[in-house]
Amino acid sequence: MSDPLVSRMRRFGTTIFAEMSALAVRTGSINLGQGFPDTDGPASMLDRAVEAIRSGVNQYPPGPGLPQLRQAVSEHRRLHYGLDYDPDGEVLVTVGATEAIAATVLALCEQGDEVIAFEPYYDSYAASIALAGARLAAVTLRPKEGRFTFDPDELRAAVTPRTRAILVNSPHNPTGTVFTREELAVIAEVCQERDLIAITDEVYEHLTFDGVAHVPLATLPGMRERTVMISSAGKTFSVTGWKTGWVCAPPELTRAAQTVKQFLTFTVGGPWQLAVAHGLREELGWVAELRAALQSKRDRLMSGLSGAGFEVLKPSGTYFVQTDIRPLGFTDGLELTRRLPELAGVVAIPTQVFYDHPERGRHFVRFAFCKKDEVIDEAVTRLKRLG
């Protein structure tokens, strides 16, 4: 039998995360590849989930999400960003941000449309755009003065008559960049001049460091009405396996995403929704402590990687540090990461797989620091063998 997979999905195959995590298990290596913590979220939130299961919250919740979570998300947007979203029509609960992005792209993009995304980009973006029959147009983030940023002229040049949307991830995975207000203003200007929708992936919104503030694109003048704002509980509360996210957008955009979402998963587990509602209202102090701990872990890993011979770029947010491998004599990140378990007993992610132009990221490798200090220290000790 010939390959039964539809042609537009054949280039994706197994994700790099599945490949590298399997490699870590097979070789007994320390996994600094996939971005999941090795500690749990706030105890009171976990208890709420258990309580909900035991009290019978185990049947289908409403398709848009439980009112308790939609209200908590609405309150959170207002409290932190001054954005008012009606919980009954402008908030949609999804199976993580990944489903939110997929449902939004599938809902808004016709065959042949184009979606701009900044490369390197999270791998689900390209897959969602391909499923919609649309085309991803990549604008490259390049290191400048110690952080990754984009050229405004390249962004403007990427817009064509077929462009439907710009997908903006800030804080940005995998580079760790947090877009400045000035960078966001350029994106907003392009969206308004060319009548584009902005789809914003803000899952790391609370995980920024060194006093750097996350600014949602929807807060800029003229942007709330054309922005689909997406976030989730997984990174904020260290419960990545709960897969509980949300969309906040004007009614017509929320309705479009829900029209697709109802035929993907229909709804999201009720116990997680109730627990996350509690977390958003009661556990943001715990999140502040998490942010401080992650900043310390970032600094710990950066120092160790520098000592091992990598050139390290300092992230302002997320779970990840980008490194340039050329000072160690390597030039191909994919080749190195496949050999790294043998060379050092550590697994990392080659950044080049997140580019439409892999040669622009071939010399970068991403390491995750959302791990216990002793795990980071042991990984660094092993990585020093590379020198």
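Residues numbered from 1 in each chain as written. Predicted model: local features only at pLDDT ≥ 70, side-chain atom pairs only at ≥ 80, totals over all residues. Heavy atoms only, no water.

Named according to an unreviewed UniProt entry, the protein is N-succinyldiaminopimelate aminotransferase originating from Nonomuraea dietziae. The heading Sequence similarities (unreviewed entry) in the UniProt record of the protein holds the text "Belongs to the class-I pyridoxal-phosphate-dependent aminotransferase family." (UniProt positions renumbered as here; feature names shortened; annotations may be inferred.)

Peer 1: Explain the UniProt feature "domain: Aminotransferase class I/classII large" (unreviewed entry) in the protein to me, and be specific about the residues and the numbers.
Peer 2: As recorded in UniProt, the feature "domain: Aminotransferase class I/classII large" (unreviewed entry) lies at residues 30–383. In residues 30–383, helix accounts for 40% and strand for 18%; the two terminal C-alpha atoms are 11 Å from one another. (Helix = DSSP H or I, 4+ residues; strand = E, 2+ residues; numbered from the N terminus.)

Peer 1: Describe in detail the domain arrangement of the protein, supporting the description with residues and values.
Peer 2: When its domains are assigned, the protein resolves into domain 1 (7–41 + 285–386) and domain 2 (59–282). When each unit is reduced to the centre of its C-alpha atoms, the spacing between domain 1 and domain 2 is 24 Å. The largest per-residue losses of area from domain 1 upon contact with domain 2 belong to S316, T318 and F354, which jointly make up 19% of the total buried on that side. Here domain 1 is connected to domain 2 by 3 salt bridges. A salt bridge links R298 to D210; its shortest N-O distance comes to 2.7 Å. Linking domain 1 to domain 2 there are 16 residue pairs in polar contact (both at pLDDT 80 or more). Those elements giving two or more residues to the side of domain 1 that touches domain 2 turn out to be α10 (284–307), β12 (320–324) and β15 (364–368). In terms of residue count, the dominant contributor to the side of domain 1 that touches domain 2 is α10 (7 residues). Tallied by class, the residues present in the side of domain 1 that touches domain 2 amount to 17 nonpolar, 11 polar and 9 charged. (Domains from an automatic or database assignment. Buried area = accessible area lost by both parts, 1.4 Å probe. Salt bridge = Lys/Arg side-chain N within 4 Å of Asp/Glu carboxyl O. Polar contact = N/O pair within 3.5 Å; in protein donor to acceptor, adjacent residues only side chain to side chain. Nonpolar A, V, L, I, M, F, W, Y, C, P; charged D, E, K, R; others polar.)

Peer 1: I'd love a proper account of empty space enclosed by the protein, names of residues and values included.
Peer 2: Which parts of space are left empty comes out when a probe the size of a water molecule is rolled across the atoms. Inspection of every chain in the model, using the stated rule, returns 3 cavities of 30 Å³ or more. Put simply, the largest cavity is a space of about 60 Å³. Lining the largest cavity are V168, S170, L184, T200, D201, E202, H214, V215, P216 and L217. There is about 50 Å³ of room inside the second largest cavity. Along the walls of the second largest cavity sit G146, R147, F148, T175, G176, T177, V178, K314, P315 and S316, which together make up its complete lining. For the lining of the second largest cavity, the residue count by class is 3 nonpolar, 5 polar and 2 charged. Residues lining the lining of the second largest cavity come from more than one domain, with at least three contributed by each of domain 1 (7–41 + 285–386) and domain 2 (59–282). (1 Å grid on protein atoms, 1.4 Å probe; cavity = no way out; pocket = protein on both sides within 12 Å on 5 of 7 lines; lining within 4 Å. Points joined across faces, edges and corners; volume = space filled by probe spheres on them.)

Peer 1: Now, about the sheet that holds strand β7 (residues 163–169): what can you tell me, with residues and values included?
Peer 2: The strand order across the open sheet formed by 7 strands is β2-β10-β9-β8-β7-β3-β4, and the pairing between neighbours is mixed. Two strands close off the open sheet at either side, each with one partner strand: β2 (91–94) and β4 (135–140). Across the sheet, the mean angle from the axis of one strand to that of its neighbour is 20°, orientation sign disregarded. Note: β7 against strand β8 (residues 197–201), 5 bridges, orientation parallel. Along β8, the bridge assignment pairs L167 with I199. (Pairing = 2+ DSSP bridges. Axes fitted to C-alpha atoms, helices over the stretch in contact; angles between N-to-C directions.)

Peer 1: So what about the pattern of salt bridges? Which residues, and what values?
Peer 2: On inspection of all chains with the given rule, the structure shows 25 salt bridges. Between R70 and D88 there is a salt bridge, and its shortest N-O distance comes to 2.9 Å. With a gap of 18 residues between them, R70 in helix α3 (residues 67–81) and D88 in the loop between α3 and β2 connect regions that are remote in the sequence. Its relative accessible area of 8% is what places R70 among the buried residues. Overall, the relative accessible area of 58% leaves D88 in the exposed class. In this structure, D299 engages R298 in a salt bridge whose closest nitrogen and oxygen atoms are separated by 2.8 Å. Among the charged side chains, a salt-bridge network with shared partners connects D210, R298, D299 and K314. (Buried < 20%, exposed > 50% of the residue type's maximum accessible area, 1.4 Å probe, protein only.)

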